[in-house]
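Each chain, written out:
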Amino acid sequence: ALPISGSMAAGMSTLDADLNANSGMVTRDIYMNIKKGQDDKTYVKFGQTVVVILGVLGFIFALRRSQLVTMIITLSMTGAAQLLPAVLSAVYDWKWLKLSAAGVVMGIIVGTLVLIGTTWGIVLPKEPYGMHPGFWGVLVNFIVAIVVSAFTEKPPKETQERYHGYLKQVLG
């Protein structure tokens, strides 16, 4: 019972954060641009309504197409992993991993395409060698980001030093 309770708690904490984030995006990016100058109560009420609507839609999808919900969750988690090369390059001062903006963008695009391709077996075999599609997406992302960065302009050295200096100061 304890593992099931833990799984349910993890799922609920993720779901409430996702509902809140999506409600905030819809409210701020769409509704506030359409209905400018409203008071905060109106925006909060709209956001709460969006949470309820999204929650009901998610519940309906979960009842009708559990595989779809599982696939969406898997793709969103492994899709977020596509940011790993960019984050590592920004956070760590590794000499071998100096990525350019073009390298990061191309890595994310190609890595995401590989992720989708190996998830559904499009062009590439489905889950090659039994490895999770997220692994292949991140691997290809790293390779593309490094290769493209070798031929494109990287951020100026002073920018890198300022950024890494700040991180060292903050993180110790």
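First, a word on what this report is: a plain description of the structure on this page. (Residues numbered from 1 in each chain as written. Predicted model: local features only at pLDDT ≥ 70, side-chain atom pairs only at ≥ 80, totals over all residues. Heavy atoms only, no water.)

## Points about the layout of surface pockets
To keep it simple, the criterion reads: The rule is simple: put a 1 Å grid over the protein atoms alone, call a set of points where a 1.4 Å probe fits but cannot get out a cavity, call an open set with protein on both sides within 12 Å along at least five of seven lines a pocket, and count a residue as lining if it has an atom within 4 Å of a point. Grid points are joined across faces, edges and corners, and a volume is the space filled by probe spheres set on the points. Helix and strand assignments come from DSSP, with helices taken as H or I runs of at least 4 residues and strands as E runs of at least 2, each series counted from the N terminus. In this classification, Asp, Glu, Lys and Arg are treated as charged, Ala, Val, Leu, Ile, Met, Phe, Trp, Tyr, Cys and Pro as nonpolar, and every other residue, Gly included, as polar.
One number sums up the size of the second largest pocket: a volume of about 210 Å³. Lining of the second largest pocket is provided by 13 residues; of these, S89, A90, L99, P155 and Q160 occupy positions nearest its centre. Among the elements of the structure, α4 (84-91) and α7 (157-171) are those that each provide at least two residues to the lining of the second largest pocket. For the lining of the second largest pocket, the leading source of residues is α7, giving 4 residues. Classifying every residue of the lining of the second largest pocket by side-chain character gives 7 nonpolar, 5 polar and 1 charged.

## Examining the side chain of T118
Note the following rule: Each residue's exposure class comes from its accessible area (1.4 Å probe, protein chains only) as a fraction of the maximum for that residue type: buried when under 20%, exposed when over 50%, partly exposed otherwise. Polar contacts here mean pairs of N or O atoms no more than 3.5 Å apart (in protein, one a potential hydrogen donor and the other a potential acceptor; neighbouring residues in sequence count only if both atoms are side-chain atoms). For this analysis, residues touch if any pair of their heavy atoms sits within 4.5 Å.
Following the sequence through the fold, T118 ends up in helix α5 (residues 101-120). Under the relative-accessibility criterion, T118 is labelled buried at 1%. At a separation of 3.3 Å, a polar atom in the side chain of T118 contacts the main-chain carbonyl oxygen of L115. In contact with T118, not counting residues within four places along its chain, are L124, P125, K126, E127, P128, P133 and W136.

## Structural notes on the packing of α5 against helix α6 (residues 133-150)
Our working rule: Working convention: axes come from line fits to C-alpha atoms, limited for helices to the stretch in contact. Angles between N-to-C directions cover 0 to 180 degrees. An angle below 35 degrees is read as roughly parallel, one above 145 as roughly antiparallel, one from 65 to 115 as roughly perpendicular, and any other as oblique. Two helices cross in a left-handed way if the nearer one is turned anticlockwise from the farther one by less than a right angle. They cross in a right-handed way if the turn is clockwise.
One can describe the packing of α5 onto α6 by two numbers: an axis separation of 7 Å at closest approach and a directional angle of 155°. Relative to α6, α5 is oriented roughly antiparallel. The handedness of the crossing between α5 and α6 comes out as right-handed. Where α5 approaches α6, its residues A102, G103, V104, M106, G107, I108, V110, G111, V114, L115, T118 and T119 are matched on the opposing element by P133, G134, W136, G137, V140, N141, V144, A145, V148 and S149. Broken down by class, the residue content of the contact of α5 with α6 amounts to 13 nonpolar, 9 polar and no charged.

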